[in-house]
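# Observations on chain architecture
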Amino acid sequence: EYLLEPNLHFVPVWEHGQGLFDVIPKLRRLEQESQRAAAIARNGREFACNVLTREGRADFWGALLRGLGRMRKYDMDQSLLSRRLRCDSYGSS
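Cut-offs used in this document
- Residues numbered from 1 in each chain as written.
- Predicted model: local features only at pLDDT ≥ 70, side-chain atom pairs only at ≥ 80, totals over all residues.
- Heavy atoms only, no water.
- Helix = DSSP H or I, 4+ residues; strand = E, 2+ residues; numbered from the N terminus.
- Buried < 20%, exposed > 50% of the residue type's maximum accessible area, 1.4 Å probe, protein only.
- Polar contact = N/O pair within 3.5 Å; in protein donor to acceptor, adjacent residues only side chain to side chain.
- Contact = heavy atoms within 4.5 Å.
- Salt bridge = Lys/Arg side-chain N within 4 Å of Asp/Glu carboxyl O.
- Phe/Tyr/Trp six-rings, centres within 6.5 Å; stacked < 30°, edge-to-face > 60°.

### So, the side chain of D22
- Note on placement: D22 falls in the segment before helix 1 (23-32).
- What makes D22 buried here is its relative accessible area of 5%.
- A polar side-chain atom of D22 sits 3.1 Å from the main-chain amide nitrogen of W14.
- In this view, D22 contacts P12, V13, W14 and E15; residues no more than four positions away in its chain are not counted.

### A short note on unusual backbone geometry
- Even without being a glycine, N7 presents a positive backbone phi close to 65°.
- Tracing the backbone through its elements, the reader meets N7 in the segment before helix 1.

### Considering the pattern of salt bridges
- Considering all chains together, one arrives at two salt bridges under this definition.
- One salt bridge connects K26 with D22, and the closest N-O pair in it is separated by 3.8 Å.
- Taking relative accessible area as the criterion, K26 reaches 13% and is therefore assigned buried.
- Between R36 and E33 there is a salt bridge, and its shortest N-O distance comes to 3.2 Å.
- On the accessibility criterion, E33 (32% relative accessible area) is partly exposed.

### As for the packing of aromatic side chains
- Going through the model one piece at a time under the given rule, you end up with one aromatic pair.
- Look at F60 and W61: their rings are 5.3 Å apart centre to centre, the planes differ by 75°, and that puts the pair in the edge-to-face class.

The structure is reproduced here in structure tokens:
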């Protein structure tokens, strides 16, 4: 399940290998359906304000990394886990 839904939060373009050729007809259709266009814009803006926050992005990356960790079919080499890069060493001369 995706959080962003086509035609609810955004208007999909570049569908079916058409490249940008479907953009102009879709824009023209939306010009004729101003209430629908306004609803899509409102939904997209609401999604961005509520989900694309710093906390929302951190939640997404955390869930993604946890999911990838569960898919791992090997054990991490403990020597790799024990190595750490010191962030403060970057950029110093």
